[in-house]
Amino acid sequence: MKKKLLSVLLSVAMVSALLAGCGAKTETAAPAADAEAAAPAAEANGKTVGVAMPTQSSERWINDGADMKEQLEALGYAVDLQYAEDDVQAQVSQIENLIAKNVSCLVIAAVDSSALVNVEAQAKEAGIPIIAYDRLLMDTDAVSYYATFDNKGVGTAIAKYVEENMKLATAEADGKSYTVELFMGSPDDNNAVFLYNGVMEVLQPYFDNGVLVCESGQIDFESNNTLRWSQETAQQRCENILTANYADKKLDIAITAYDGLAYGVRSALEGAGYVVGEDWPLITGQDAETMACKNILSGHQTMSICKDTSLLASKCVTMVQAVLEGTEPEINDTEQYNNNVITVPSYLCTPVPVDADNLKEVIVDGGIHSAADIGL
Ligand code: BGC
(Lines give C-alpha, C1' and ligand atoms only; values in the text may rest on other atoms or scores of the structure.)
Protein backbone atom coordinates (compact mmCIF):
# COMPACT_ATOMS: atom_id res chain seq x y z
CA MET A 1 0.00 0.00 0.00
CA LYS A 2 1.56 3.20 -1.10
CA LYS A 3 -1.28 5.32 0.14
CA LYS A 4 -0.94 6.86 3.53
CA LEU A 5 -4.18 5.37 4.67
CA LEU A 6 -4.09 6.40 8.24
CA SER A 7 -3.36 9.98 7.32
CA VAL A 8 -6.69 10.02 5.52
CA LEU A 9 -8.35 9.36 8.83
CA LEU A 10 -6.21 11.69 10.80
CA SER A 11 -7.79 14.93 9.86
CA VAL A 12 -10.69 16.37 8.00
CA ALA A 13 -8.22 18.67 6.27
CA MET A 14 -6.36 15.72 4.85
CA VAL A 15 -9.57 14.13 3.62
CA SER A 16 -10.48 17.38 1.92
CA ALA A 17 -7.07 17.55 0.30
CA LEU A 18 -7.50 14.03 -1.00
CA LEU A 19 -10.93 14.78 -2.34
CA ALA A 20 -9.60 17.86 -4.05
CA GLY A 21 -6.92 15.68 -5.63
CA CYS A 22 -9.51 13.26 -6.93
CA GLY A 23 -11.92 15.94 -8.02
CA ALA A 24 -14.66 14.95 -5.59
CA LYS A 25 -14.82 18.30 -3.91
CA THR A 26 -18.46 18.22 -2.97
CA GLU A 27 -18.11 15.19 -0.74
CA THR A 28 -17.64 15.60 2.96
CA ALA A 29 -15.44 13.69 5.32
CA ALA A 30 -16.88 10.83 7.32
CA PRO A 31 -18.13 12.01 10.72
CA ALA A 32 -15.96 9.37 12.35
CA ALA A 33 -12.84 10.52 10.59
CA ASP A 34 -11.66 12.88 13.27
CA ALA A 35 -8.27 12.75 14.89
CA GLU A 36 -9.46 11.27 18.13
CA ALA A 37 -11.54 8.48 16.65
CA ALA A 38 -8.73 7.57 14.30
CA ALA A 39 -6.02 7.29 16.93
CA PRO A 40 -4.17 4.05 16.20
CA ALA A 41 -4.39 3.06 19.84
CA ALA A 42 -8.21 3.06 19.76
CA GLU A 43 -9.53 0.80 22.46
CA ALA A 44 -11.00 -2.47 21.28
CA ASN A 45 -14.79 -2.26 21.37
CA GLY A 46 -15.28 -6.03 21.42
CA LYS A 47 -16.91 -6.10 17.99
CA THR A 48 -15.58 -7.90 14.95
CA VAL A 49 -16.46 -6.89 11.40
CA GLY A 50 -16.23 -9.64 8.78
CA VAL A 51 -15.00 -8.23 5.46
CA ALA A 52 -15.44 -10.50 2.42
CA MET A 53 -13.51 -9.32 -0.66
CA PRO A 54 -13.60 -10.92 -4.12
CA THR A 55 -9.96 -11.39 -5.17
CA GLN A 56 -6.35 -10.39 -4.64
CA SER A 57 -5.61 -10.78 -8.34
CA SER A 58 -6.43 -7.10 -8.85
CA GLU A 59 -4.68 -4.26 -7.06
CA ARG A 60 -7.83 -2.35 -6.21
CA TRP A 61 -9.34 -5.10 -4.04
CA ILE A 62 -6.10 -5.46 -2.09
CA ASN A 63 -6.26 -1.72 -1.41
CA ASP A 64 -9.96 -1.90 -0.53
CA GLY A 65 -9.34 -4.69 2.01
CA ALA A 66 -6.36 -2.91 3.55
CA ASP A 67 -8.24 0.40 3.72
CA MET A 68 -11.28 -1.18 5.40
CA LYS A 69 -9.12 -3.06 7.90
CA GLU A 70 -7.05 -0.04 8.80
CA GLN A 71 -10.00 2.33 9.18
CA LEU A 72 -12.13 -0.13 11.19
CA GLU A 73 -9.23 -1.06 13.48
CA ALA A 74 -8.55 2.61 14.08
CA LEU A 75 -12.08 2.82 15.49
CA GLY A 76 -11.58 -0.15 17.81
CA TYR A 77 -13.18 -2.90 15.71
CA ALA A 78 -11.45 -6.21 15.12
CA VAL A 79 -11.49 -7.17 11.44
CA ASP A 80 -11.72 -10.62 9.89
CA LEU A 81 -10.70 -10.02 6.25
CA GLN A 82 -11.29 -12.75 3.68
CA TYR A 83 -10.48 -13.00 -0.04
CA ALA A 84 -12.30 -15.54 -2.22
CA GLU A 85 -9.99 -15.39 -5.26
CA ASP A 86 -12.99 -15.10 -7.57
CA ASP A 87 -14.32 -18.50 -6.44
CA VAL A 88 -18.05 -18.16 -5.77
CA GLN A 89 -18.26 -21.24 -3.55
CA ALA A 90 -15.18 -20.18 -1.57
CA GLN A 91 -16.85 -16.86 -0.82
CA VAL A 92 -20.04 -18.61 0.32
CA SER A 93 -17.95 -20.77 2.71
CA GLN A 94 -16.03 -17.76 4.00
CA ILE A 95 -19.25 -15.91 4.80
CA GLU A 96 -20.71 -19.02 6.46
CA ASN A 97 -17.60 -19.17 8.65
CA LEU A 98 -17.88 -15.49 9.54
CA ILE A 99 -21.52 -16.06 10.55
CA ALA A 100 -20.46 -19.11 12.62
CA LYS A 101 -17.87 -16.91 14.35
CA ASN A 102 -20.74 -14.56 15.17
CA VAL A 103 -19.18 -11.40 13.74
CA SER A 104 -21.08 -8.21 14.56
CA CYS A 105 -21.43 -7.02 10.97
CA LEU A 106 -20.61 -8.24 7.45
CA VAL A 107 -19.15 -6.09 4.68
CA ILE A 108 -19.34 -7.92 1.35
CA ALA A 109 -17.87 -7.20 -2.09
CA ALA A 110 -19.34 -10.16 -3.96
CA VAL A 111 -17.67 -12.38 -6.54
CA ASP A 112 -21.11 -13.16 -7.95
CA SER A 113 -23.67 -10.65 -6.69
CA SER A 114 -26.61 -13.08 -6.91
CA ALA A 115 -24.96 -16.18 -5.48
CA LEU A 116 -25.03 -15.18 -1.82
CA VAL A 117 -28.78 -15.10 -1.23
CA ASN A 118 -28.80 -18.11 1.14
CA VAL A 119 -25.86 -17.01 3.30
CA GLU A 120 -27.29 -13.51 3.42
CA ALA A 121 -30.55 -14.98 4.75
CA GLN A 122 -28.53 -16.93 7.33
CA ALA A 123 -26.82 -13.73 8.45
CA LYS A 124 -30.16 -11.95 8.76
CA GLU A 125 -31.52 -14.86 10.80
CA ALA A 126 -28.48 -14.59 13.09
CA GLY A 127 -29.07 -10.83 13.48
CA ILE A 128 -25.89 -9.86 11.61
CA PRO A 129 -26.33 -6.73 9.48
CA ILE A 130 -24.80 -6.63 5.99
CA ILE A 131 -23.28 -3.73 4.06
CA ALA A 132 -22.74 -4.15 0.30
CA TYR A 133 -19.29 -2.93 -0.68
CA ASP A 134 -18.73 -1.57 -4.20
CA ARG A 135 -20.89 -4.30 -5.82
CA LEU A 136 -24.61 -4.40 -5.04
CA LEU A 137 -25.86 -7.61 -3.39
CA MET A 138 -28.72 -8.78 -5.56
CA ASP A 139 -32.00 -10.57 -4.81
CA THR A 140 -31.91 -10.14 -1.03
CA ASP A 141 -33.63 -8.06 1.65
CA ALA A 142 -30.75 -8.69 4.08
CA VAL A 143 -28.60 -5.76 3.00
CA SER A 144 -28.83 -2.50 4.98
CA TYR A 145 -26.63 -0.09 3.01
CA TYR A 146 -24.49 0.10 -0.11
CA ALA A 147 -21.20 2.02 -0.47
CA THR A 148 -19.97 2.32 -4.04
CA PHE A 149 -18.84 4.62 -6.82
CA ASP A 150 -21.25 6.12 -9.30
CA ASN A 151 -21.12 3.10 -11.60
CA LYS A 152 -23.14 4.58 -14.44
CA GLY A 153 -21.00 7.70 -14.00
CA VAL A 154 -17.91 5.56 -14.64
CA GLY A 155 -19.42 4.53 -17.98
CA THR A 156 -20.40 8.06 -19.01
CA ALA A 157 -16.96 9.39 -17.96
CA ILE A 158 -15.22 6.78 -20.13
CA ALA A 159 -17.51 7.46 -23.09
CA LYS A 160 -17.28 11.25 -22.77
CA TYR A 161 -13.50 10.94 -22.77
CA VAL A 162 -13.72 9.03 -26.05
CA GLU A 163 -16.27 11.51 -27.43
CA GLU A 164 -14.05 14.50 -26.66
CA ASN A 165 -10.71 13.04 -27.60
CA MET A 166 -11.88 11.56 -30.91
CA LYS A 167 -13.98 14.68 -31.60
CA LEU A 168 -17.03 12.54 -32.28
CA ALA A 169 -19.47 15.46 -32.16
CA THR A 170 -18.02 16.98 -35.34
CA ALA A 171 -16.91 13.74 -37.00
CA GLU A 172 -20.04 13.29 -39.11
CA ALA A 173 -19.70 16.79 -40.60
CA ASP A 174 -15.99 16.12 -41.16
CA GLY A 175 -16.83 12.86 -42.95
CA LYS A 176 -14.93 10.78 -40.41
CA SER A 177 -15.72 7.43 -38.83
CA TYR A 178 -13.88 5.22 -36.37
CA THR A 179 -13.80 1.51 -35.64
CA VAL A 180 -14.51 0.56 -32.04
CA GLU A 181 -14.75 -2.62 -29.96
CA LEU A 182 -16.16 -2.94 -26.46
CA PHE A 183 -14.77 -5.09 -23.66
CA MET A 184 -17.27 -4.88 -20.83
CA GLY A 185 -17.29 -6.32 -17.29
CA SER A 186 -18.69 -9.44 -15.68
CA PRO A 187 -22.37 -10.26 -16.24
CA ASP A 188 -22.73 -11.37 -12.59
CA ASP A 189 -21.65 -7.91 -11.39
CA ASN A 190 -24.40 -5.27 -11.37
CA ASN A 191 -21.70 -2.59 -11.75
CA ALA A 192 -20.80 -3.92 -15.20
CA VAL A 193 -24.35 -3.37 -16.46
CA PHE A 194 -24.50 0.16 -15.03
CA LEU A 195 -21.15 0.97 -16.63
CA TYR A 196 -22.27 -0.38 -20.02
CA ASN A 197 -25.48 1.65 -19.82
CA GLY A 198 -23.45 4.77 -19.09
CA VAL A 199 -21.17 4.13 -22.07
CA MET A 200 -24.09 3.55 -24.44
CA GLU A 201 -26.03 6.58 -23.21
CA VAL A 202 -23.21 8.74 -24.59
CA LEU A 203 -22.11 6.68 -27.61
CA GLN A 204 -25.37 5.23 -29.01
CA PRO A 205 -26.00 8.29 -31.25
CA TYR A 206 -22.55 7.79 -32.81
CA PHE A 207 -23.29 4.15 -33.57
CA ASP A 208 -26.62 5.29 -35.02
CA ASN A 209 -25.11 7.93 -37.35
CA GLY A 210 -22.20 5.72 -38.43
CA VAL A 211 -19.42 7.76 -36.80
CA LEU A 212 -18.63 4.68 -34.70
CA VAL A 213 -18.46 1.31 -36.42
CA CYS A 214 -18.18 -1.91 -34.43
CA GLU A 215 -16.83 -4.33 -37.04
CA SER A 216 -17.45 -7.42 -34.88
CA GLY A 217 -21.06 -6.34 -34.38
CA GLN A 218 -20.65 -7.13 -30.68
CA ILE A 219 -22.31 -3.98 -29.36
CA ASP A 220 -24.80 -5.52 -26.95
CA PHE A 221 -23.72 -6.43 -23.43
CA GLU A 222 -24.60 -10.09 -23.98
CA SER A 223 -21.87 -10.37 -26.61
CA ASN A 224 -19.17 -8.08 -25.19
CA ASN A 225 -19.19 -8.90 -21.44
CA THR A 226 -16.23 -10.64 -19.78
CA LEU A 227 -17.00 -13.24 -17.12
CA ARG A 228 -15.19 -12.45 -13.81
CA TRP A 229 -13.51 -9.47 -15.50
CA SER A 230 -10.85 -11.91 -16.77
CA GLN A 231 -7.81 -10.42 -18.54
CA GLU A 232 -7.17 -13.70 -20.37
CA THR A 233 -10.76 -13.89 -21.65
CA ALA A 234 -10.53 -10.29 -22.91
CA GLN A 235 -7.21 -10.99 -24.63
CA GLN A 236 -8.60 -14.10 -26.31
CA ARG A 237 -11.74 -12.31 -27.44
CA CYS A 238 -9.72 -9.37 -28.76
CA GLU A 239 -7.40 -11.73 -30.67
CA ASN A 240 -10.41 -13.43 -32.25
CA ILE A 241 -11.99 -10.10 -33.17
CA LEU A 242 -8.77 -8.74 -34.71
CA THR A 243 -8.31 -11.90 -36.77
CA ALA A 244 -11.91 -12.11 -37.93
CA ASN A 245 -12.67 -8.42 -38.54
CA TYR A 246 -9.53 -6.33 -38.77
CA ALA A 247 -7.31 -8.18 -41.26
CA ASP A 248 -7.58 -5.28 -43.72
CA LYS A 249 -8.38 -2.36 -41.41
CA LYS A 250 -7.26 -0.91 -38.10
CA LEU A 251 -9.01 -0.79 -34.75
CA ASP A 252 -9.24 2.86 -33.66
CA ILE A 253 -10.86 2.60 -30.20
CA ALA A 254 -11.00 -0.16 -27.55
CA ILE A 255 -13.44 0.67 -24.78
CA THR A 256 -12.54 -1.58 -21.89
CA ALA A 257 -14.31 -1.45 -18.53
CA TYR A 258 -11.33 -2.30 -16.33
CA ASP A 259 -7.54 -1.96 -16.44
CA GLY A 260 -7.11 -5.75 -16.41
CA LEU A 261 -9.17 -5.98 -19.61
CA ALA A 262 -7.04 -3.20 -21.13
CA TYR A 263 -3.90 -5.27 -20.41
CA GLY A 264 -5.49 -8.19 -22.27
CA VAL A 265 -6.35 -5.94 -25.23
CA ARG A 266 -2.80 -4.54 -25.20
CA SER A 267 -1.34 -8.05 -25.50
CA ALA A 268 -3.70 -8.92 -28.34
CA LEU A 269 -2.80 -5.71 -30.19
CA GLU A 270 0.93 -6.32 -29.75
CA GLY A 271 0.44 -9.84 -31.08
CA ALA A 272 -1.31 -8.36 -34.12
CA GLY A 273 1.59 -5.97 -34.78
CA TYR A 274 0.09 -2.65 -33.58
CA VAL A 275 2.74 -0.09 -32.55
CA VAL A 276 2.42 2.79 -30.06
CA GLY A 277 2.75 6.15 -31.79
CA GLU A 278 1.88 4.64 -35.16
CA ASP A 279 -1.44 2.79 -35.24
CA TRP A 280 -2.11 2.19 -31.54
CA PRO A 281 -5.81 2.70 -30.70
CA LEU A 282 -7.33 4.79 -27.92
CA ILE A 283 -7.74 2.35 -24.99
CA THR A 284 -9.81 3.04 -21.88
CA GLY A 285 -9.75 1.32 -18.48
CA GLN A 286 -10.91 1.54 -14.89
CA ASP A 287 -9.23 1.60 -11.46
CA ALA A 288 -6.01 3.50 -12.30
CA GLU A 289 -3.90 0.57 -11.16
CA THR A 290 -0.14 1.11 -10.90
CA MET A 291 0.38 -0.89 -14.10
CA ALA A 292 -2.31 1.11 -15.91
CA CYS A 293 -0.66 4.38 -14.88
CA LYS A 294 2.65 3.11 -16.27
CA ASN A 295 0.88 2.07 -19.46
CA ILE A 296 -0.68 5.52 -19.73
CA LEU A 297 2.77 7.07 -19.46
CA SER A 298 4.21 4.72 -22.09
CA GLY A 299 1.22 5.24 -24.41
CA HIS A 300 -0.09 1.65 -24.19
CA GLN A 301 -3.31 2.79 -22.50
CA THR A 302 -4.97 6.15 -22.99
CA MET A 303 -7.02 6.69 -19.85
CA SER A 304 -8.38 5.06 -16.73
CA ILE A 305 -10.82 5.90 -13.95
CA CYS A 306 -9.38 6.76 -10.54
CA LYS A 307 -11.41 5.28 -7.69
CA ASP A 308 -10.10 6.35 -4.33
CA THR A 309 -10.61 3.21 -2.26
CA SER A 310 -9.78 4.87 1.05
CA LEU A 311 -12.61 7.35 0.42
CA LEU A 312 -14.98 4.45 -0.34
CA ALA A 313 -13.83 2.66 2.81
CA SER A 314 -14.50 5.78 4.90
CA LYS A 315 -18.10 5.91 3.60
CA CYS A 316 -18.56 2.20 4.26
CA VAL A 317 -17.24 2.62 7.79
CA THR A 318 -19.99 5.18 8.52
CA MET A 319 -22.49 2.48 7.47
CA VAL A 320 -20.91 -0.09 9.78
CA GLN A 321 -21.12 2.43 12.61
CA ALA A 322 -24.73 3.15 11.73
CA VAL A 323 -25.84 -0.48 12.02
CA LEU A 324 -23.73 -1.17 15.12
CA GLU A 325 -23.89 2.09 17.02
CA GLY A 326 -27.14 3.59 15.82
CA THR A 327 -25.45 6.60 14.16
CA GLU A 328 -26.51 8.18 10.85
CA PRO A 329 -24.61 6.89 7.81
CA GLU A 330 -23.74 9.14 4.89
CA ILE A 331 -26.24 8.48 2.09
CA ASN A 332 -26.54 10.35 -1.20
CA ASP A 333 -28.70 8.03 -3.29
CA THR A 334 -31.96 6.31 -2.39
CA GLU A 335 -33.25 5.56 -5.89
CA GLN A 336 -30.80 3.95 -8.27
CA TYR A 337 -29.83 0.71 -6.61
CA ASN A 338 -32.74 -1.71 -6.55
CA ASN A 339 -31.55 -5.31 -6.13
CA ASN A 340 -34.83 -6.91 -7.37
CA VAL A 341 -36.14 -7.04 -3.78
CA ILE A 342 -35.41 -3.69 -2.15
CA THR A 343 -33.89 -0.33 -3.06
CA VAL A 344 -30.74 -0.08 -0.99
CA PRO A 345 -29.78 3.31 0.52
CA SER A 346 -26.40 4.10 -1.01
CA TYR A 347 -23.43 6.41 -0.97
CA LEU A 348 -21.93 6.97 -4.41
CA CYS A 349 -18.35 8.26 -4.53
CA THR A 350 -17.25 10.24 -7.56
CA PRO A 351 -15.02 8.49 -10.13
CA VAL A 352 -12.32 10.65 -11.76
CA PRO A 353 -10.97 10.10 -15.30
CA VAL A 354 -7.17 10.17 -15.60
CA ASP A 355 -4.88 10.35 -18.60
CA ALA A 356 -1.32 11.48 -19.26
CA ASP A 357 -2.31 15.13 -18.77
CA ASN A 358 -3.67 14.88 -15.21
CA LEU A 359 -1.95 11.73 -13.98
CA LYS A 360 0.47 13.57 -11.71
CA GLU A 361 -2.22 15.81 -10.23
CA VAL A 362 -4.82 13.09 -9.57
CA ILE A 363 -2.67 10.05 -8.88
CA VAL A 364 0.53 11.37 -7.32
CA ASP A 365 -0.65 14.61 -5.68
CA GLY A 366 -3.90 12.84 -4.66
CA GLY A 367 -1.90 10.18 -2.78
CA ILE A 368 -3.12 7.24 -4.88
CA HIS A 369 0.30 5.99 -6.10
CA SER A 370 3.77 7.44 -5.60
CA ALA A 371 5.63 9.05 -8.51
CA ALA A 372 8.33 6.40 -8.19
CA ASP A 373 5.82 3.55 -8.38
CA ILE A 374 4.27 4.71 -11.62
CA GLY A 375 7.62 5.74 -13.09
CA LEU A 376 7.09 9.48 -13.13
C1 BGC B 1 -15.50 -2.59 -9.71
C2 BGC B 1 -14.40 -2.06 -10.60
C3 BGC B 1 -13.41 -3.15 -10.92
C4 BGC B 1 -14.10 -4.42 -11.38
C5 BGC B 1 -13.13 -5.55 -11.58
C6 BGC B 1 -16.11 -3.82 -10.33
O7 BGC B 1 -17.13 -4.30 -9.54
O8 BGC B 1 -16.48 -1.61 -9.50
O9 BGC B 1 -13.75 -0.98 -9.97
O10 BGC B 1 -12.57 -2.71 -11.96
O11 BGC B 1 -15.08 -4.80 -10.47
O12 BGC B 1 -12.49 -5.90 -10.39
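Residues numbered from 1 in each chain as written. Predicted model: local features only at pLDDT ≥ 70, side-chain atom pairs only at ≥ 80, totals over all residues. Heavy atoms only, no water.

**Q** I keep staring at the overall build of the protein and nothing clicks. Help me out?
**A** Within the protein one finds 15 helices and 12 strands. Burial analysis of the protein (376 residues in total) assigns 56% to the buried set. Long-range contacts, defined as pairs at least 24 residues apart, comprise 73% of the intrachain contacts of the protein with a sequence gap of at least 6. Accessible surface, the protein: about 14500 Å² in total, of which carbon and sulfur atoms supply 49%. (Helix = DSSP H or I, 4+ residues; strand = E, 2+ residues; numbered from the N terminus. Buried < 20%, exposed > 50% of the residue type's maximum accessible area, 1.4 Å probe, protein only. Contact = heavy atoms within 4.5 Å. Areas by Shrake-Rupley, 256 points an atom, 1.4 Å probe, with all protein chains shown as cover.)

**Q** I keep staring at the site of the ligand and nothing clicks. Help me out?
**A** The local shell around the ligand consists of R60, W61, D134, R135, D189, N191, W229, Y258, Q286, D287 and K307. The contact in question runs from an oxygen atom of the ligand to an N or O atom on the side chain of D134, over 2.7 Å. When the free accessible area of the ligand is taken as 310 Å², the share hidden by the protein chains comes to 98%. In terms of residue class, the shell around the ligand is built from 3 nonpolar, 2 polar and 6 charged. (Near = heavy atom within 4 Å. Polar contact = N/O pair within 3.5 Å; in protein donor to acceptor, adjacent residues only side chain to side chain. Nonpolar A, V, L, I, M, F, W, Y, C, P; charged D, E, K, R; others polar.)

**Q** Just checking my understanding: could you explain the pairing of strand β3 (residues 105–108) for this structure?
**A** Each regular strand carries side chains that alternate between the two faces of the sheet. By the alternation rule, side chains of β3 split into C105 and V107 and L106 and I108, which are all buried. Two elements, strand β1 (residues 48–53) and β3, share 4 bridges in a ladder whose sense is parallel. Across the sheet, the residue bridging to G50 is L106, located in β3. Inspection of the sheet shows β3 paired to strand β4 (residues 130–133) by 3 bridges, in the parallel sense. (Pairing = 2+ DSSP bridges.)

**Q** What am I meant to see in the sheet that holds strand β2 (residues 78–83) here?
**A** Note on sheets: strands pair through backbone hydrogen bonds, and any given pair is parallel or antiparallel. In spatial order, the strands read β2-β1-β3-β4-β5-β11; together these 6 strands make up an open sheet with parallel pairing. Lying at the two open borders of the sheet, with one neighbouring strand each, are β2 and β11 (346–349). On average, each strand axis in the sheet is inclined to that of its neighbour by 15°, with strand direction left out of account. Sheet topology note: the β1/β2 ladder contains 6 bridges and is parallel. Of the residues in β2, the one forming a bridge with A52 is Q82. The strands that helix α13 (residues 309–325) touches are β1, β3, β4, β5 (143–149) and β11; relative to β5, the one it contacts most, it runs at about 165°. (Axes fitted to C-alpha atoms, helices over the stretch in contact; angles between N-to-C directions.)

**Q** Explain the packing of helix α11 (residues 259–271) against helix α12 (residues 290–298) here, please?
**A** Packed helix pairs are specified by the crossing angle of their axes together with the interaxial distance, meaning the distance between the axes. Relative to each other, α11 and α12 sit at 50°, their axes nearing to 9 Å. It follows that α11 is oblique to α12 by the angle criterion. Classified by chirality, the crossing of α12 by α11 is left-handed. When α11 is examined against α12, the residues D259, Y263 and R266 are found in contact with a partner set consisting of M291, A292 and N295. Residue classes in the contact of α11 with α12 are distributed as 3 nonpolar, 1 polar and 2 charged. (Parallel < 35°, antiparallel > 145°, perpendicular 65-115°, else oblique. Left-handed = near helix turned anticlockwise from the far one by under 90°.)

**Q** Would you take a moment to explain the sheet that holds strand β9 (residues 282–283) for this structure?
**A** Spatially, β7-β6-β8-β9 is the arrangement adopted by the 4 strands of the open sheet, whose pairing is parallel. Both edges of this open sheet fall to β7 (212–213) and β9, since each of them pairs with a single strand only. Relative to β9, strand β8 (residues 253–256) runs parallel, the two sharing 2 bridges. Within the sheet, the bridge partner assigned to A254 lies in β9 and is I283. Where helix α6 (residues 151–165) meets the sheet, its contacts fall on β8 and β9, and the angle it forms with β8 comes to roughly 165°.

**Q** Would you explain the pattern of salt bridges in this entry?
**A** As enumerated under the stated definition, the model contains 15 salt bridges in all. Among the ionic pairs, R60 bridges to D64, the shortest N-O distance being 2.8 Å. Of this pair, R60 and D64 are both found in helix α3 (residues 59–74), 4 residues apart, which corresponds to roughly one turn of the helix. On the basis of relative accessible area, R60 is assigned to the buried category, the value being 6%. Relative accessible area serves as the criterion here: at 0%, D64 is assigned to the buried category. We note a salt bridge from D248 to K249, for which the minimum N-O separation is 3.6 Å. Taking relative accessible area as the criterion, D248 reaches 67% and is therefore assigned exposed. Residue class for K249 comes out partly exposed when judged on its relative accessible area of 32%. When salt bridges that share partners are traced, they join R60, D64 and D134 into one network. (Salt bridge = Lys/Arg side-chain N within 4 Å of Asp/Glu carboxyl O.)

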